Amino acid sequence: MVEVRYATAPDQVPGMTTDRLRSRFLAEELFVPGEVRLVYSHEDRIVVGGALAGDTSLDLPCPDPLRAEYFLERRELGVVNVGDHGAVTVDGTVYELGAKECLYIGRGARAVSFTGGAFYLVSTPAHTEHPTVRAGLEDAEPVRLGSQEGSNDRTIYKYIHAKGIQSCQLVLGVTVLEPGSMWNTMPCHTHERRTEIYLYFDLPEDQRIVHLMGRPDETRNLIVADRQAVISPSWSVHCGFGTRNYAFVWAMGGENQAYDDMEQVAIGAMR
Ligand SMILES: O=C(O)C(=O)C[C@H](O)C(=O)CO
Ligand SMILES: [Zn+2]
């Protein structure tokens, strides 16, 4: 099943109700047992999805909006296991993925299927082929940021980026917050050259993230549950705090792959 979301201009945000904001920017039902669910966003044409296979394997479909023979005909794909152990099969080769592990699948792979786990999918258009690569947290470049005093002690694991797994445009990693730390990405930022999508996970079922979005001086909030994704257009901040600690997958596509190419926002400039 695929849902198409069109792009939103920042001046549309002030008049939006909570329901309208959620229908534009929040993907609530990506993980449904026995299904591959996809959301095709016109923001930098990023496709996100969830594959919750169980014991019976699930194939990556090629939904009609792609108008392609197979999903990866003109695309690349990042996969992160946000559940327990599972496996992804790419053209007959099996890649085992534990919790928080990542698989980059290059353009041209024809048959992709999932077994077990809870696989989060992020795909961007691709102009050329790069090799399919599996990586665990120990292979990623860890960056420890924040502090206990700031309630934002966290580690950023970069998987697919300019100095890591090579891709055409996809940049992807996982951020894990320490117990007692609830804030992500504070101070916050925008990056006018890239769309970013956050998928929050490892959050207990009865807990929530208050995710802040919008222009820095015109923010709104989205109340987000476990395994839900937020689309951040290039003009939007993306940060939030949880009622408990959690982890999230961040992924970007767009004009460049320079992780540090951000417009930083001073906390005092937010409204
Ligand atoms: O914890 C953080 O800070 C992040 O993970 C920030 C994201 O990586 C990001 O927004 C990159 O542009
Ligand atoms: Zn960002």
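Computed from a predicted model, the values in this text were never measured in an experiment. (Residues numbered from 1 in each chain as written. Chains lettered and ligands numbered in written order. Predicted model: local features only at pLDDT ≥ 70, side-chain atom pairs only at ≥ 80, totals over all residues.)

Notes on the overall build of the protein chain
Operational definition: Every helix listed is a DSSP run of H or I at least four residues long, and every strand listed is a run of E at least two residues long, numbered separately from the N terminus. Exposure criterion: with C-beta atoms placed from backbone coordinates, a residue whose C-beta has 20 or more other C-beta atoms within 10 Å is buried, one with 12 or fewer is exposed, and one in between is partly exposed. By definition, residues are in contact whenever their C-beta atoms, placed on the basis of the backbone, come within 7 Å of each other.
Scanning the protein chain from N- to C-terminus turns up one helix and 24 strands. Its C-alpha atoms give the protein chain principal-axis dimensions of about 55 × 35 × 35 Å. Within the protein chain, buried positions represent 45% of all 271 residues. Pairs at least 24 apart in sequence give 71% of the contacts found in the protein chain among residues at least 6 apart.

Here's the deal with the sheet that holds strand β7 (residues 86-90)
What links the strands of a sheet is backbone hydrogen bonding, and the strands pair in either a parallel or an antiparallel sense. Which entries qualify depends on this criterion: For two strands to be treated as a pair, DSSP must find at least two bridges joining them.
Taken in spatial order, the four strands make up an open sheet running β5-β10-β7-β8, and their pairing is antiparallel. The sheet is open, and its two edges are formed by β5 (58-59) and β8 (93-97), each paired on a single side. With five bridges connecting them, β7 and strand β10 (residues 112-116) associate as antiparallel partners. Looking at β10, one finds that Val90 is bridged to Val112.

Some remarks on the environment of Thr124
Examined against the element boundaries, Thr124 turns out to sit in strand β11 (residues 119-125). Those residues in contact with Thr124 that lie beyond four places of it in its chain are Asp44, Arg45, Ile46, Arg75, Glu76, Gln169, Leu170 and Gly253.

A short note on the confidence of the model for the protein chain
Note the following rule: Per-residue confidence from the predictor is reported as pLDDT, a score between 0 and 100.
Looking at the protein chain as a whole, the pLDDT averages 98, with 100% of positions reaching at least 70. Here the predicted complex scores 0.98 on pTM and 0.99 on ipTM.

Section: the nonpolar core
In plain terms, the rule: For our purposes the nonpolar core covers buried Ala, Val, Leu, Ile, Met, Phe, Trp, Tyr and Cys residues that link as a set through C-beta atoms within 7 Å.
Membership of the largest hydrophobic core comes to 72 residues, with the highest contact counts inside it found for Val48, Ile197, Leu199 and Val249. With six residues, the top contributor of residues to this core is strand β23 (residues 247-254). The contact partners of Val249, leaving out residues within four places of it in the chain, are Val80, Val82, Tyr120, Leu172, Val174 and Leu199.

What about the UniProt feature "binding site: Zn(2+)" (unreviewed entry) in the protein chain?
Applicable threshold: UniProt positions are given in the numbering used here, feature names are shortened, and annotations may be inferred rather than shown by experiment.
Listed under "binding site: Zn(2+)" (unreviewed entry) in the UniProt record, and renumbered for this structure, are His189, His191, Glu196 and His238. Separation in sequence by 50 residues is not matched in space for these annotated residues, since their most distant C-alpha atoms are only 11.2 Å apart. Note on placement: His189 falls in strand β17 (residues 189-190). When sequence neighbours within four positions are dropped, the list of residues in contact with His189 reads Val237, Met262, Glu263, Gln264 and Val265. By C-beta crowding, Glu196 is classed as buried, having 24 other C-beta atoms within 10 Å. When residues no more than four places from it in sequence are discounted, the contact partners of Glu196 are Ser232, His238, Trp250, Ala251 and Met252.

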